[in-house]
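What follows is each chain in one-letter form.
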Amino acid sequence: MHHNPSTSLRYIIPCLSLIFIIMIATAVVSFAQSNERLFDDDPAEPWHITADEISFDKKTDQHIAKGNVVITKKDKRLTADFVRFDHKTMEVLAIGHVIMTAGEDILVGDKMEMDLEAEIGTVYNGTVFIKENHFYIKGDKIQKTGKDSYAVGKGSFTTCDGDYPAWKITGRNLKVTVEGYGFVNHAALWAKRVPVLYTPFLVFPVKLKRQSGLLPPQIVYSKRKWEEYIQPFYWAINESSDATLYYHHIGRRGDKIGFEYRYVLDEKSKGTLMYDFLQDRKVDNGTLESSEEWGYTDVSGLRPNSDRYWFRMKHDQALPSGFTAKLDIDIVSDQDYLHEFKDGYTGFDTTDRYFNKNFGRDLDEYDDSTRVNSLSINKSWSQFSLNAETRWYDNVINRRWKETDTTIQMLPVVDFSASKQQIFGTPFYFDLDSEYTYFYREDASRAHRMDAYPRLYLPLKFKHYLFFEPSVGFRETAWYFDKEEYSSSDKATLYREMYDIKIDLSSNIYRIYNLQTSWINKIKHAITPQVIYQYIPGKDQSNKYPQFDAIDNIARTNLVTYSLTNIFTSKSQMQSTKKDNQDQSNKDQSDNYTYNQFCRLKLEQSYDINEAKEDNPSNWANQKEKRPFSTIYGEIEIDPVQYVSAQADATWCQYDSLVKSRNIAVTLSDKRGDRFFVEHRYTYNSSESIYTDMSLVVSDQLKVYADYERNLYGSQDIKRGIGFLYKAQCWSIDFNYTHEDNDRKYAFIINLYGIGEFGRNIVGRIMEEPL
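Calculation notes
Residues numbered from 1 in each chain as written. Predicted model: local features only at pLDDT ≥ 70, side-chain atom pairs only at ≥ 80, totals over all residues. Heavy atoms only, no water. Helix = DSSP H or I, 4+ residues; strand = E, 2+ residues; numbered from the N terminus. Buried < 20%, exposed > 50% of the residue type's maximum accessible area, 1.4 Å probe, protein only. Contact = heavy atoms within 4.5 Å. Areas by Shrake-Rupley, 256 points an atom, 1.4 Å probe, with all protein chains shown as cover. Pairing = 2+ DSSP bridges. Phe/Tyr/Trp six-rings, centres within 6.5 Å; stacked < 30°, edge-to-face > 60°. Disulfide = S-S within 2.5 Å. Patch = residues over 30% accessible without salt bridge, like charges linked within 9 Å, V, L, I, M, F, W, Y side chains within 5 Å. Salt bridge = Lys/Arg side-chain N within 4 Å of Asp/Glu carboxyl O. Lys, Arg positive; Asp, Glu negative; His and termini not counted. Charge placed at Lys NZ, Arg CZ, Asp CG, Glu CD. pLDDT = per-residue confidence, 0-100. Polar contact = N/O pair within 3.5 Å; in protein donor to acceptor, adjacent residues only side chain to side chain. Expected span 1.5 Å × (residues − 1). Arc of directions from axis to C-beta.

Trainee: Looking at this structure, how should I read the overall build of the protein?
Mentor: In terms of regular secondary structure, the protein is built from nine helices and 41 strands. Scored against the burial criterion, the 771 residues of the protein give a buried share of 41%. For the protein, restricting intrachain contacts to residue pairs at least 6 apart in sequence, the fraction spanning at least 24 positions comes to 49%. When the accessible surface of the protein is summed, it comes to about 41300 Å², and 55% of that surface belongs to carbon and sulfur atoms.

Trainee: Could you clarify how one ought to interpret the pairing of strand β4 (residues 76–86) in this entry?
Mentor: Regular strands place side chains that alternate from one sheet face to the opposite one. Summarising burial for β4: eight of the eleven residues are buried, a large majority. Direction of pairing for strand β3 (residues 62–73) relative to β4: antiparallel, over a ladder of nine bridges. Each bridged residue has a counterpart across the sheet, and for Lys-66 the counterpart in β4 is Phe-82. In textbook terms, the turn of a hairpin is the stretch between consecutive antiparallel strands, and for β3 and β4 this stretch comprises two residues, one of which, Lys-74, has a positive phi near 55°.

Trainee: Hey, could you run me through the packing of aromatic side chains in this one?
Mentor: Taken as a whole, this structure holds 20 aromatic pairs when the rule is applied. Pairing Tyr-275 with Phe-311 gives two aromatic rings, centres 6.4 Å apart and planes at 55°, and the pair type is tilted. Separated by 36 residues along the polypeptide, Tyr-275 in strand β18 (residues 269–279) and Phe-311 in strand β19 (residues 307–318) bring together distant segments of the chain. Assessed through its relative accessible area of 23%, Phe-311 is described here as partly exposed. By the ring-pair criterion, three or more aromatic residues cluster together here, those being Trp-310, Tyr-337, Phe-341, Phe-348 and Tyr-366.

Trainee: How should the state of the cysteines be read in this particular structure?
Mentor: Covalent bonding between the sulfur atoms of two cysteines defines a disulfide. Tallying each qualifying case throughout the model produces one disulfide. Put simply, Cys-160 and Cys-730 are joined by a disulfide, and their sulfur atoms are 1.7 Å apart. Judged by the sign of its S-S torsion, about 85°, the cystine formed by Cys-160 and Cys-730 is right-handed. With Cys-160 in the loop between β9 (149–158) and β10 (167–177) and Cys-730 in the loop between β39 (716–727) and β40 (731–740), this pair connects stretches of sequence that are 570 residues apart. Under the relative-accessibility criterion, Cys-730 is labelled buried at 2%.

Trainee: Any chance you could explain the pairing of strand β34 (residues 644–653) here in plain terms?
Mentor: Relative to β34, strand β33 (residues 632–641) is paired through eight bridges, and the arrangement is antiparallel. Residue pairing across strands places Ile-636 opposite Ala-648, the latter belonging to β34. Hairpin connection from β33 to β34: two residues lie between these consecutive antiparallel strands. As consecutive antiparallel partners, β34 and strand β35 (residues 658–669) are separated by four residues, and within that stretch Ser-657 has a phi angle of approximately 55°, a positive value.

Trainee: Mind showing me how you'd approach a negative patch on the surface here?
Mentor: A contiguous patch of negative charge on the surface is contributed by Asp-362, Glu-365, Asp-367 and Asp-368. Residue placement: Glu-365 occurs in the loop between α4 (348–359) and β21 (370–380).

Trainee: Can you help me understand unusual backbone geometry in this one?
Mentor: Both trends apply: most residues other than glycine have a negative phi, and most peptide bonds are in trans. Look at the link from Leu-411 to Pro-412: it is a cis peptide, with omega at 0°. One can find Pro-412 in strand β23 (residues 409–422). Although it is not a glycine, Asn-173 sits at a positive phi angle of roughly 55°. Using a relative accessible area of 43% as the deciding quantity, one classes Asn-173 as partly exposed. Phi at Lys-192 takes a positive value of approximately 55°, unusual for a residue other than glycine.

Trainee: Honestly, the confidence of the model for the protein in this entry has me stumped. Any pointers?
Mentor: Predicted coordinates in regions of low pLDDT should not be interpreted in detail. Per-residue pLDDT for the protein has a mean of 84; in total, 84% of the residues score no lower than 70. Note on residues 1–41: pLDDT under 50 across the span, and 107 contacts to partners over four residues away in sequence or across chains. Within the model, the stretch residues 756–771 combines pLDDT values under 50 with 46 contacts to residues more than four positions away or in other chains.

Trainee: What's the story with the environment of Ile-397 in this structure? I'm lost.
Mentor: Mapped onto the elements of the fold, Ile-397 is located in helix α5 (residues 396–401). For Ile-397 and Gly-301, which are 96 residues apart along the polypeptide, the C-alpha to C-alpha distance reads 7.4 Å.

Trainee: Before we go on, may I ask you to explain the side chain of Asn-566 in this structure?
Mentor: If you trace the backbone, Asn-566 turns up in strand β31 (residues 557–573). Accessibility expressed as a relative area gives 13% for Asn-566, which makes it buried. A polar side-chain atom of Asn-566 sits 2.8 Å from a polar atom in the side chain of His-525. In this structure, Asn-566 is in contact with His-525, Ala-526, Ile-527, Cys-599, Arg-600 and Leu-601, ignoring residues within four places of it in sequence.

Trainee: How should I be thinking about α4 in this particular structure?
Mentor: What sets the pattern is the α-helix's 3.6 residues per turn: residues three or four places apart point alike. Taking 1.5 Å of rise per residue, twelve residues should cover 16 Å, and α4 covers 16 Å from first to last C-alpha, within 8% of that figure. Of all the positions in α4, only Phe-348, Thr-351, Asp-352, Tyr-354, Phe-355, Asn-358 and Phe-359 are classed as buried. For α4, the angular spread of buried residues about the axis comes to 160°, placing them on one side. Away from its buried face, by an angle of more than 90 degrees, α4 presents the exposed residues Arg-353 and Lys-357.

Trainee: Whenever I open this one, the environment of Lys-602 confuses me. Can you help?
Mentor: Relative to the helices and strands, Lys-602 is located in strand β32 (residues 593–608). Sequence spacing of Lys-602 and Leu-564 is 38 residues, and the spatial spacing of their C-alpha atoms is 5.7 Å.

Trainee: I'm lost on the pattern of salt bridges in this one. Help?
Mentor: Two side chains bearing opposite charge may form a pair once their charged atoms approach each other closely. Under the definition given, this model contains 39 salt bridges. Across the pair Arg-449 and Asp-549 runs a salt bridge whose closest N-O atoms are separated by 2.7 Å. Here Arg-449 is found in strand β25 (residues 446–457), whereas its partner Asp-549 is found in the loop between β30 (522–536) and β31, with 100 residues between them in sequence. Arg-720 is the partner of Asp-717 in a salt bridge, and the nearest nitrogen-oxygen pair spans 3.6 Å. Residue class for Asp-717 comes out partly exposed when judged on its relative accessible area of 34%. Residue classification places Arg-720 among the partly exposed residues on the basis of a relative accessible area of 36%.

Trainee: What's the story with the environment of Ile-722 in this structure? I'm lost.
Mentor: With respect to the secondary-structure elements, Ile-722 resides in strand β39. Distance in space between the C-alpha atoms of Ile-722 and Ser-695 is 9.7 Å, their sequence separation being 27 residues. Setting aside chain neighbours within four positions, we find Ile-722 in contact with Tyr-705, Ala-706, Phe-735, Asn-736 and Tyr-737.

Trainee: Just checking my understanding: could you explain a nonpolar patch on the surface for this structure?
Mentor: A cluster of nonpolar side chains, contributed by Leu-460, Phe-462, Tyr-465, Leu-466, Leu-505, Ile-509 and Val-531, occupies part of the molecular surface with about 590 Å² of accessible area. Looking at Leu-460, the relative accessible area reads 34%, which means it is partly exposed.

Structure below.
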C-alpha cells in the first residue's frame, strides 16, 4: 500500500499547529512561575532619590528630578532621564531611558507611569526580563493592572538574547493573572523574522505551584505507522499524587489512549500504574500482507485481535513491624504489542527505565510472551529473611487463543533463609534455605511442595595461605497432590531425602610492587587459585517425582571445578592543592589515596568424574567419545584509566580445538562527553552479531550520535540509527533516524528553552521528591 502525501499533510499541519499552541501555553506558565513583584513596597523603608537636578513643586506637591535620576529602596532601583514623584500618593512618572530593577529582574522602557503603593501602572515600549527563566517580555504598552496581573496590548516573549531572537511568540491583548489564567489573541511563532505558526486565540493557566496543563508533544513518522503525534496532558491532583494522560494518534492504526497515575503515601510507600488502549485498524490474520505489514516474523503466533492494551503497575508499601510489600503487575493484550510500542513516551523502553529508576525493579524483556505478576511480603533480620510471594505467569498466547494452559503458577511461594553463621561459638557454621510452594495449573495437576535445605560448614585456615572448607547439605522434599494425582504414582504424598558434599580449597597470595611514578605509587597483584569438589549421589527422580522446576529433579553430580583468578589493583595519590594538604594534616594519610582495580582475569574448567567413569556410549554427552572435561572458560575486565574499559569472555573446547563462544565489549569516553562502545558476540554454529553506538561532541552546540547492530551469522542488519542534537542559546533540536525490522522511523523534538524543559521536569517530581 502506498502512502498518499496529501493525506499526510492533512494530519501533519494540524499537528504542528497544536504543538505551537502547547508551546505558547507552557511558555507563559514558565514566565509566571518566576515573576517577582517589581513594586512590592515596605512603608518602613524610605525611597532615596539622586539626580543632577532635584526640585520640589509646591503646587503639585511633587519632587521633580532631571538628569541621571536614580531612585533606590533596598534591592529596587529606578533610573531615568526625568522623574516626577509624588511621595504622598506614591505615584511616579519616569521618562527617557527608564530602567527599573528588582533583584536580578529588569524592566526597561521609554516611559513609565506607576503607582508604587497600589502596584499598578503602565510601561511604554517596554521590556521585562525575568532572570530565573531568562525570559524577555516586550510590548508597546505593558500595563500592571493589579498586584498579580498584567496586560500587554501588542507584545512578544522569548528566552533568546538579542534584538532579533532565534524564536519569539507574538500576540495581541495578552492578559495574565498569576495563580489564575492568561488570554492572548492572534498568537504567532516566529523563527528570526519569519512567522511559522499561528493560532487565533489561546487560554492557559498561570500558577506558581505545580499545575495541570499540556506538556510538550512528540512527533514521529515511520513506514509502518505513518505519522504519529503523542500529546501528554499533566494533571496535578494534589501535593502527593499526579497523573499524565496521553493522546497518541497513529496514522494507519487509529488513536491510542494512555494514562499514568503516580502517588506517594509516605517516605517508604509509593506506586505508579500505567494503562494504554488502542482499537487497532489492522490485524495479523495470517495473510501475506497482514503478516508483513502488521505482524512480526520473529514472533510466534498470529495477532487477529484489534483490542490492544497494556497495564503495568509497581507499588512499594511499608507495613508494621518492619515488614514491606511489593506489587508488580504486567498484563499485555498480545505477544506483538511490546514489539509494536517499544519506543516513545509510553513505550516499553521508557517504562522499563522509569520502573528501574524509581522502584529498583525492571520488567520482563519486551519479547517475552510470558509476563510475571507478583505480590510479595518480606522482612529481613540481621541473619534471617522471610519472603512470601504469589507469582502468576501470564502466558499471553495461551490466554489470547484460549488454549489448554499448563503454565505453572506459584500461589504462593514462601521462602525462609538463614545466612551463614557460627553455631554457639563452635568451629562449625550453618545456613538454611527452605521453601513452601503451591504449584497451580489451570489444566494440569496441582501440588504443594515443602523443601528444607540446611548446610553445615567447617571452615579451616592454615596460616594466611590456605583455606579449606568442607560442607555437607541435607535436603528433605515433600509433595502433596490435591488434584488429579500424578499419573505415575498412586500416592497423594511423596517424599525425597538427599544429601550432598562440597569441599572448597583455595588460597590468596599477593605481591606489592613499588613503582613511585607520577601517577601510580603501588600495584598489588593478588592470585586466588581455587578447587571445588561437589558430590550429589544419583537418585532416580524422572518418573517418580513431578517436574515443576529444577528442585524436583536434581541430577547426580561428581564434579571437580578448578579456577585461577588474578586481580591487579593500583594505589595512586590524589591530586591536591597545598591548602588541601594542610587541611588533611590531622587526618589518616590513607584518605589521600585512590584505589583502582584495573584488571581482573579468571580461568576456569570442570572435570566430570561420573562421565569419565561412564562406559555406556548412549549415556555420553557426546555420542562419539567421553568428554569429562568441560570447555575452558575465561573472562577479563580491564579498566586502566578513567575513560577506558573493556570486558571479554570466551569458552574453548579442547576436544574440538575451537572457540565455542566469545564476547568482547570496549568502551571509550572522555570528559567532553564523547563516547564509543562496541560489542561483538559469537556462539559457535549458532549466532554472531556486532553492536556499536557512539556520540561525538563536535562543539558546544552540536552533538552527533549513531548506533548499529548487525547479525553476522545471518548476514543482515538488525538496527541502524543516526541523529544529532543541536543546542543554541535559547533552543535546541534533537533529530534521529532509525531503520529497524524493515521499518524506517523519523523523530524530532524541538525544545524552546523555558517551554519544553518545564513540561519535562514536573512529571517526575512526585517520585523524585517524596514527601
